[in-house]
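# Observations on the three-dimensional arrangement
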Amino acid sequence: MKDKIAYLRGLMDGMKLADDDNTKLMRAIADCLDSIADSIETESARVDVIESSIDEINDDIDDLDEVLGFLIEDEDEDDESDWEDDFDFFTCPNCGEVVPLEEDMITAGSDPICPNCNAHLFGE
Ligand SMILES: [Zn+2]
């Protein structure tokens, strides 16, 4: 933009224009174009700042996504692998309470008791 205006000014100087109203008008237009070009440069500098801010924010969001991804993976492991692999669920025949029992407790021939009503889960 600036280059083109400079070229325009050079062109006008080279034309040896008469010092009349037309020339004044053309010079005024060239001045006007200059200030427009200045405004555009200022604006595009601001846009650059905004764009780099947006880039930074996007980077932050990516980081957050990673952290959230880890957290969600951890939760999945807790819920599905650890919890359901190690525990079986029994419904108390007396009160209907669902009681999680570790596999070890079931296979060892033990006599687990309902934490809600103290009834024997496997009967008397
Ligand atoms: Zn019970």
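Quick summary incoming for the structure in this document. These numbers come from a predicted model, not from an experiment. (Residues numbered from 1 in each chain as written. Predicted model: local features only at pLDDT ≥ 70, side-chain atom pairs only at ≥ 80, totals over all residues.)

Here the focus is the overall build of the protein chain. When helices and strands are counted, the protein chain shows three helices and two strands. Sequence-ordered secondary structure for the protein chain, helices as α and strands as β, is α-α-β-β-α. Looking at the protein chain residue by residue over its 124 residues, the buried ones come to 1%. Of the contacts made within the protein chain by residues no fewer than 6 positions apart, 29% connect residues no fewer than 24 positions apart. (Helix = DSSP H or I, 4+ residues; strand = E, 2+ residues; numbered from the N terminus. Buried ≥ 20, exposed ≤ 12 C-beta atoms within 10 Å, placed from the backbone. Contact = placed C-beta atoms within 7 Å.)

This paragraph deals with helix α1 (residues 2-14). Taking 1.5 Å per residue, 13 residues should reach 18 Å; α1 reaches 18 Å between its end C-alpha atoms and fits that length. When you tally the buried positions in α1, you get zero out of 13 residues, a small fraction of the element. Looking at the residues trailing α1, positive phi occurs at Lys16, about 50°. (Expected span 1.5 Å × (residues − 1).)

In this structure, Glu41 sits in helix α2 (residues 21-86). Classification of Glu41 by C-beta neighbours within 10 Å gives exposed; the count is 12.

On to the pairing of strand β1 (residues 87-91), then. In this structure, β1 lies alongside strand β2 (residues 98-102), joined through five bridges in antiparallel fashion. For Thr91, the partnering residue across the bridge sits in β2 and is Val98. The hairpin turn running from β1 into β2, its antiparallel successor, is six residues long, and Gly96 in that turn takes a positive phi close to 85°. (Pairing = 2+ DSSP bridges.)

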